[in-house]
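Commentary on secondary and tertiary structure
The residues making up each chain are set out below.
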Amino acid sequence: MSLTDLPYAADAESPLTIEELSVLRRQFEKEVKEDDVTTQTKFNYAWGLIKSRRKNEQQLGVRLLAERRRECLYYLALGHFKLGEYTHARDYNDQLLQREPNNLQAQSLKKLIEDKLNREGLMGAMIMSGVVGAIAIGGLYIASLFKDKRK
């Protein structure tokens, strides 16, 4: 698969069936026992894991792909995106875009990542302003109590 034939991020949301993932797992484990894991088998199993709804399987998929970092930047970005690790996803995706600035899938994923990071930043700012506001109101309330006691 060439980098121009990459699936879009939405494809990561379509998990394999238990049977399909089991076939990939058995092939991978067979090749591990034979000490001859092919790149394609490792990749297929890792991608199947990333598509999973189970976080521990997604994490294993990311670890397997990290071993093939250069060839798997897009899939690493997708895996970290699914795990909610948006800064890692952005880092991998940016590395791919440095190599292939016109890659439409990576450009699409970049927008998704930026949207998530912006939302998280906005939520963090709202939470912090709420905390600061609560502290200020509490401080004013306490000050008014001391002022009332002085009278």
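Presented here is an overview of the structure given in this document. Computed from a predicted structure; not experimentally measured.

A word on the pattern of salt bridges
If you walk through the whole model with that rule in mind, you get 5 salt bridges. A salt bridge links Glu57 to Arg54; the shortest N-O distance between them is 3.7 Å. The partner of Lys110 in a salt bridge is Glu114, with the nearest N and O atoms 3.8 Å apart. In this pair, Lys110 and Glu114 both sit in helix H6 (residues 104-150), 4 residues apart, roughly one turn of the helix. Three or more residues joined by partner-sharing salt bridges are found here, namely Arg25, Arg54 and Glu57.

Considerations on the nonpolar core
Trp47, Leu65, Leu109 and Ile113 are the most contacted members of the largest nonpolar core, which has 32 residues in total. Contributions of two or more residues to this core are made by helix H1 (18-33), helix H2 (39-50), helix H3 (55-66), helix H4 (73-82), helix H5 (86-99) and H6. Among the elements that take part in this core, H4 stands out by supplying 7 residues, more than any other.

Notes on the packing of aromatic side chains
Scanning the model with the defined rule gives 5 aromatic pairs in all. Judged by centre distance (4.6 Å) and plane angle (70°), the rings of Trp47 and Tyr75 are edge-to-face. Linking Trp47 in helix H2 with Tyr75 in helix H4, this pair joins segments that are 28 residues apart in sequence. For Trp47, a relative accessible area of 14% puts it in the buried group. A relative accessible area of 3% means that Tyr75 is categorised as buried. Among the aromatic residues, ring-to-ring pairing joins Phe43, Trp47, Tyr74 and Tyr75 into one connected group.

A short note on the side chain of Lys82
With respect to the helices and strands, Lys82 occurs in helix H4. One buried charge, Lys82, has no salt-bridge partner; the nearest side chain with opposite charge is Glu13, at 4.4 Å. If sequence neighbours within four positions are ignored, Lys82 has contacts with Ala12, Glu13, Ile50, Lys51, Ser52 and Gln58.

Focus on H1
Its 16 residues place the ends of H1 22 Å apart at the C-alpha level, agreeing with the 22 Å of an ideal helix rising 1.5 Å per residue. All of the buried residues along H1 are Leu21, Phe28 and Glu31. Summarising the axial view, the buried residues of H1 lie within an arc of 95°, below the 170-degree limit, and thus occupy one face. Across from the buried face of H1, at angles greater than 90 degrees, the exposed residues are Ile18, Glu19, Arg26 and Lys33. For H1, the elements touching its buried residues are H2 and H3. Remark: Asp35 follows H1 within two positions and exhibits a positive phi of approximately 55°.

How each quantity is defined
- Residues numbered from 1 in each chain as written.
- Predicted model: local features only at pLDDT ≥ 70, side-chain atom pairs only at ≥ 80, totals over all residues.
- Heavy atoms only, no water.
- Salt bridge = Lys/Arg side-chain N within 4 Å of Asp/Glu carboxyl O.
- Helix = DSSP H or I, 4+ residues; strand = E, 2+ residues; numbered from the N terminus.
- Core = buried A, V, L, I, M, F, W, Y, C linked by side-chain atoms within 4.5 Å.
- Buried < 20%, exposed > 50% of the residue type's maximum accessible area, 1.4 Å probe, protein only.
- Phe/Tyr/Trp six-rings, centres within 6.5 Å; stacked < 30°, edge-to-face > 60°.
- Lys, Arg positive; Asp, Glu negative; His and termini not counted.
- Contact = heavy atoms within 4.5 Å.
- Expected span 1.5 Å × (residues − 1).
- Arc of directions from axis to C-beta.

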